[in-house]
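What follows is the residue order along each chain.
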Amino acid sequence: MSSSDEKTTTGDDFRRTLHALRVWDSSLPGFDVAEAPAGPLALFHEWFVHAARAGQPEPHTMSLATVDADGRPDVRTLMLHDADARGWHFASHATSAKGAQLAAHPAAALGFYWPTVGRQIRIRGEVTACGPEESRADLAVRSRGALAAALTGRQSEVLGSVEELMRASAAAWERAGAEPEAPAPTWTRYVLAPAEVEFFQGDAARRHIRLRYRRTEPQAGADSWVRELLWP
């Protein structure tokens with residue numbers, strides 16, 4: 001959008017556009033909760049692969065919600081790195097805003113939204129920071145750009161100018177190319193161990209299906225989950 005377009009856009013234009021939007025006009029998949037597995041991980045894997053094959057762009061992007069020192073909620077979008085028996089994995093700098101918030105209050109929530117198939121997944125639980133070896137391995141398998149971004153560092157700090165960012169980024173890209181094993185000491189892999197996982201299947205008639213898994217006390221060393229339907 002050009003600057004002239006921005007100047008002529010009004011609140012009425014915004015509202016007309018907003019109210020004209022529609023969701024889920026196409027055919028959506030069903031969700032037979034009777035066939036859902038005993039635990040949420042297998043269902044997450046199934047839904048993730050289905051969304052990717054259905055053409056959902058970037059299904060591995062998710063929202064991470066945390067709280068700051070004053071108890072105010074914070075949210076941002078980042079990428080999923082894995083989902084296994086330990087939980088849902090992501091990474092960031094320990095010195096970033098999210099890293100500081102997680103260190104002080106490790107309870108967090110994740111949210112996935114895949115509009116192509118009308119599905120959402122919400123996850124809540126406790127977050128644990130992985131050790132240096134696992135965190136370095138996380139960065140080692142990613143792209144040169146990811147390493148360059150990690151080497152640029154100073155995430156969430158106040159930036160003096162765009163030019164300052166360009167200089168720091170150029171130096172980081174050069175180093176990432178010359179030293180593919182360059183350390184980024186504050187880069188940290190995190191794992192959210194789920195206490196609750198909710199699967200939401202949208203329906204054009206608004207008869208949405210919501211299935212929530214709640215973790216109960218482990219029995220004989222194995223996870224135990226309660227499954228319950230929720231009103232949409």
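All of these numbers come straight from a predicted model, not from anything done at the bench. (Residues numbered from 1 in each chain as written. Predicted model: local features only at pLDDT ≥ 70, side-chain atom pairs only at ≥ 80, totals over all residues. Heavy atoms only, no water.)

Peer 1: Break down a nonpolar patch on the surface for me, with residues and values.
Peer 2: On the surface, Leu159, Val162, Leu165 and Met166 cluster together into a nonpolar patch covering about 360 Å² of accessible area. Take valine 162: its relative accessible area is 52%, and that puts it in the exposed class. (Patch = residues over 30% accessible without salt bridge, like charges linked within 9 Å, V, L, I, M, F, W, Y side chains within 5 Å. Areas by Shrake-Rupley, 256 points an atom, 1.4 Å probe, with all protein chains shown as cover. Salt bridge = Lys/Arg side-chain N within 4 Å of Asp/Glu carboxyl O. Buried < 20%, exposed > 50% of the residue type's maximum accessible area, 1.4 Å probe, protein only.)

Peer 1: Explain the pattern of salt bridges residue by residue, including any values.
Peer 2: Counted according to the given criterion, the structure contains 15 salt bridges. Arginine 86 is the salt-bridge partner of glutamate 134, the closest N and O atoms lying 2.8 Å from each other. Of this pair, glutamate 134 sits in helix 5 (residues 132-140) while arginine 86 is found in the loop between strand 3 (82-84) and strand 4 (87-93), placing the two residues 48 residues apart along the sequence. With a shortest N-O distance of 3.4 Å, glutamate 179 and arginine 175 are connected by a salt bridge. Here arginine 175 falls in the partly exposed class, since its relative accessible area comes to 35%. Within the structure, one salt-bridge network assembled from shared partners comprises Asp68, Asp70 and Arg72. (Helix = DSSP H or I, 4+ residues; strand = E, 2+ residues; numbered from the N terminus.)

Peer 1: Residue-level account of the environment of serine 224, with values.
Peer 2: Turning to its location among the elements, serine 224 is positioned in strand 9 (residues 222-230). C-alpha of serine 224 to C-alpha of alanine 38: the two residues are 186 residues apart in sequence and 8.3 Å apart in space.

Peer 1: I'd love a proper account of the pairing of strand 5 (residues 107-114), names of residues and values included.
Peer 2: In strand 5, alternate side chains face the same way, and those of Ala108, Leu110, Phe112 and Trp114 are buried while those of Ala107, Ala109, Gly111 and Tyr113 on the opposite face are not. Bridge count between strand 5 and strand 6 (residues 119-129): eight bridges; the pairing is antiparallel. Bridged to tyrosine 113 within strand 6 is glutamine 120. Taking the residues between adjacent antiparallel strands as the criterion, strand 5 and strand 6 are bridged by four residues, where glycine 118 takes a positive phi near 65°. (Pairing = 2+ DSSP bridges.)

Peer 1: Please set out the packing of aromatic side chains residue by residue, giving values where relevant.
Peer 2: Applying the stated criterion to the full structure yields 12 aromatic pairs. On the numbers, 5.0 Å between centres and 75° between planes, the contact of phenylalanine 31 with tryptophan 47 is edge-to-face. One end of the pair, phenylalanine 31, is in the loop between helix 2 (11-20) and helix 3 (40-53); the other, tryptophan 47, is in helix 3, and 16 residues separate them in sequence. Each member of the pair, phenylalanine 31 as well as tryptophan 47, carries the same accessibility label: buried. (Phe/Tyr/Trp six-rings, centres within 6.5 Å; stacked < 30°, edge-to-face > 60°.)

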